[in-house]
Amino acid sequence: MSAVPASSLPVAAAARGPSVGRVLALGIACAAALTVGGLFMPKWLTFLITMAAANGLVSLGIVVLMRGGVVPFGQGMVFALGGYTAALAFNKLGVTDALALAVAGGFVATLVAAPFAPLLSRYRGIFFAMLTLALSMVTYGLLMKLDVLGGSDGFNIGRPTLFGQALPDARVGYIIYVLTVLLATVMALLARVYFDSTRGLITLAVRENELRVEYLGGSVRQAMAINFVLAAFSGGVGGALAVMALGHIDPNFSYWTTSGEFVFVAILAGWHSIAAVFVASTVLEVVRSFSSSYFPNTWQLALGLFLLFVIRFLPKGIGSLWVKEDSR
């Protein structure tokens, strides 16, 4: 059957975001501002933003799926796969280029996740959430038991290079920061283009009315399977970038609490805006950092109260502050 025409979708007109040119200009401006600003930031702040951008890529994959009406609780699986791929490629294969490691992390995460996409595309609601969580916890169990992967302690990754050049001691954190910001910007722009494409609008239509999408000639299962694969690639890239920033990888990357944090960010951001995902990820890192410093034994409580506050006053997420839905 032919694809659903964009004009036929019940949410097509309302869902299209700003023009591509405007989004591209804003993305380049934000990336440039962060790149220049990083020269004057303290190291702790550049590291915080690096982790926020890397984790934001994982949560971006959740938002891709949320737009279709499902929420995965197993994004930690692809996060860990991307991280372990980067660390193993560095230590075992001698691949040291940071950009190559990031792409490899996304590629391997996609390869592992793709066979599960047709199965998961059949499920919705709690069944989808629990199946993805099961995949993540199976991955965690395997990583804990495999001594060749460091077992429960994990292992370290050395300092990467970039385009064949060794990174200087004084600038290694800043260069990883810039690479992460630039990759996050590119991925965010590609996600915006995808959301505004016919396939992206079909995803929104699936959220509204699956039966109507099938009636108009679209494939709901195909749309959901593609979204799952895209979410895996984004999560794998984020995992690889996080490992290079941390210098260490362990099985907790795939633990259910890690997946929960990514869902936390996605809920905090809402599914209306891509920029909100990275804003929410940064907010989470800031709240967690300061809460753990000033309330070391109750920082989880501070995070929970913060989420309750957002749900109470911004039920559609941070993105609803600047993205208005159609009044339909």
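Computed from a predicted structure; not experimentally measured.

Draft legend 1. Examining the overall build of the protein more closely. From N to C terminus, the protein includes 14 helices and four strands. With respect to the principal axes defined by its C-alpha atoms, the protein has extents near 55 × 45 × 40 Å. Relative to its 328 residues, the protein shows a buried fraction of 50%. Look at the contacts in the protein between residues 6 or more apart in sequence, and 81% of them connect residues 24 or more apart. Of the accessible surface of the protein, which amounts to about 15400 Å², a share of 69% is contributed by carbon and sulfur atoms. The average position of the 20 basic charges and that of the 13 acidic charges among the side chains of the protein differ by 6 Å.

Draft legend 2. Quick look at the nonpolar core. Leu57 and Leu241 are the most contacted members of the largest nonpolar core, which has 64 residues in total. Secondary structure elements with two or more residues in this core: helix H3 (43–66), helix H4 (75–92), helix H5 (98–113), helix H8 (172–196), helix H11 (220–246), helix H12 (256–269), helix H13 (275–294) and helix H14 (299–313). In terms of residue count, the dominant contributor to this core is H3 (ten residues). Of all hydrophobic cores here, the second largest spans 22 residues; its members include Val78, Ala113, Val213 and Ala225.

Draft legend 3. Molecular detail of the pattern of salt bridges. Scanning the entire structure with this criterion turns up four salt bridges. With a closest N to O distance of 2.7 Å, Arg124 and Glu210 form a salt bridge. Placement of the pair is Arg124 in the loop between helix H6 (117–120) and helix H7 (125–145) and Glu210 in helix H10 (residues 210–215), with a sequence separation of 86 residues. When the shortest N-O distance is used, the salt bridge between Arg192 and Asp196 registers 3.1 Å. Note that Arg192 and Asp196 are positioned in helix H8 at a spacing of four residues, about one turn of the helix. Each member of the pair, Arg192 as well as Asp196, is classed as buried.

Draft legend 4. The arrangement of the side chain of Thr139 in detail. You can see Thr139 is positioned in helix H7. The residues contacting Thr139, other than those within four sequence positions of it, are Met77 and Ser254.

Draft legend 5. A look at the side chain of Ser59. Within the secondary structure, Ser59 is located in helix H3. Its relative accessible area of 0% is what places Ser59 among the buried residues. In contact with Ser59, not counting residues within four places along its chain, are Phe262, Val265, Ala266 and Val277.

Draft legend 6. Expanded view of the packing of H3 against H11. For the pair H3 and H11, interaxial distance at closest approach is 7 Å and the crossing angle is 170 degrees. Between H3 and H11, the angle is such that the two are roughly antiparallel. A per-class count over the contact of H3 with H11 returns 16 nonpolar, seven polar and no charged.

Rules used throughout
- Residues numbered from 1 in each chain as written.
- Predicted model: local features only at pLDDT ≥ 70, side-chain atom pairs only at ≥ 80, totals over all residues.
- Heavy atoms only, no water.
- Helix = DSSP H or I, 4+ residues; strand = E, 2+ residues; numbered from the N terminus.
- Buried < 20%, exposed > 50% of the residue type's maximum accessible area, 1.4 Å probe, protein only.
- Contact = heavy atoms within 4.5 Å.
- Areas by Shrake-Rupley, 256 points an atom, 1.4 Å probe, with all protein chains shown as cover.
- Lys, Arg positive; Asp, Glu negative; His and termini not counted.
- Charge placed at Lys NZ, Arg CZ, Asp CG, Glu CD.
- Core = buried A, V, L, I, M, F, W, Y, C linked by side-chain atoms within 4.5 Å.
- Salt bridge = Lys/Arg side-chain N within 4 Å of Asp/Glu carboxyl O.
- Axes fitted to C-alpha atoms, helices over the stretch in contact; angles between N-to-C directions.
- Parallel < 35°, antiparallel > 145°, perpendicular 65-115°, else oblique.
- Nonpolar A, V, L, I, M, F, W, Y, C, P; charged D, E, K, R; others polar.

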